[in-house]
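Geometric and topological summary
Below are the chains, spelled out letter by letter.
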Amino acid sequence: MTGLLRGPWGVLLGLANLLGCYVAYGALAARPQGEWDEQTLTGVEFASALLVVLGAGTFLLALVPVRRRTISPWWLAPSLLFLAVGAARWAYVALVYPQGPGG
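Because the structure is a prediction, the values reported are computed rather than measured.

On a plain count of helices and strands, the protein comes out with three helices and zero strands. Reading the helices (α) and strands (β) of the protein from amino to carboxyl end gives α-α-α. Over its C-alpha trace the protein gives a radius of gyration of 17 Å, far above what one expects of a compact globule, namely 13 Å for 103 residues. Projected onto its principal axes, the C-alpha coordinates of the protein cover approximately 60 × 20 × 15 Å.

In structure tokens:
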């Protein structure tokens, strides 16, 4: 029975990890031009928050078949990496580009 379940879980987690790669690229590649570039900073913060949520959701989704021993525990690694990268980028933007008194 585990052989039949590997395919759907692998496809679902593979697509979720590809989406995580896309969002991580967006969060890491966008560079604000300065502290005044609020649109880019908001976009980076949104992408980072989305990456954290996506990482947590993918982790919880992968936890079910890992606990059933249907797939390898290595499937948990990408979601934890996305979670860490999203949190680190979000914290970096908050520390480097603090909001001024008008924001």
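Picking up after the structure, the text goes on.
What follows is about a nonpolar patch on the surface. On the surface, a nonpolar cluster with roughly 320 Å² of combined accessible area is contributed by Val11, Leu15 and Leu18. Its place among the elements puts Val11 in helix H1 (residues 2-29). According to the relative accessible area criterion, Val11 is exposed, its value standing at 52%.

Averaged over all residues, the pLDDT of the protein equals 88, while 91% of them reach at least 70. For the protein, H1 is the element with the lowest average pLDDT, namely 86, and helix H3 (residues 76-96) is the one with the highest, namely 94.

Another point: the packing of helix H2 (residues 38-67) against H3. At a minimum axis separation of 8 Å, H2 and H3 run at an interaxial angle of 155 degrees. Comparing their axes, H3 and H2 come out roughly antiparallel. For the element pair H2 and H3, the recorded crossing hand is left-handed. Of the residues assigned to the contact of H2 with H3, the class counts are 18 nonpolar, five polar and two charged.

To continue, consider the environment of Leu83. As for its position among the elements, Leu83 is in helix H3. Separated by 32 residues in the primary sequence, Leu83 and Leu51 have C-alpha atoms spaced 6.5 Å apart. Ignoring anything within four residues of it in the chain, the contact list for Leu83 reads Val52, Gly55 and Ala56.

This part covers H2. With 30 residues, H2 should reach 44 Å at 1.5 Å per residue; the first-to-last C-alpha distance of 43 Å fits that figure. Arg69, located one to two residues past H2, shows a positive phi value of around 65 degrees.

Rules and cut-offs
- Residues numbered from 1 in each chain as written.
- Predicted model: local features only at pLDDT ≥ 70, side-chain atom pairs only at ≥ 80, totals over all residues.
- Heavy atoms only, no water.
- Helix = DSSP H or I, 4+ residues; strand = E, 2+ residues; numbered from the N terminus.
- Rg over C-alpha atoms; globule rule 2.2 N^0.38 Å.
- Patch = residues over 30% accessible without salt bridge, like charges linked within 9 Å, V, L, I, M, F, W, Y side chains within 5 Å.
- Areas by Shrake-Rupley, 256 points an atom, 1.4 Å probe, with all protein chains shown as cover.
- Salt bridge = Lys/Arg side-chain N within 4 Å of Asp/Glu carboxyl O.
- Buried < 20%, exposed > 50% of the residue type's maximum accessible area, 1.4 Å probe, protein only.
- pLDDT = per-residue confidence, 0-100.
- Axes fitted to C-alpha atoms, helices over the stretch in contact; angles between N-to-C directions.
- Parallel < 35°, antiparallel > 145°, perpendicular 65-115°, else oblique.
- Left-handed = near helix turned anticlockwise from the far one by under 90°.
- Nonpolar A, V, L, I, M, F, W, Y, C, P; charged D, E, K, R; others polar.
- Contact = heavy atoms within 4.5 Å.
- Expected span 1.5 Å × (residues − 1).

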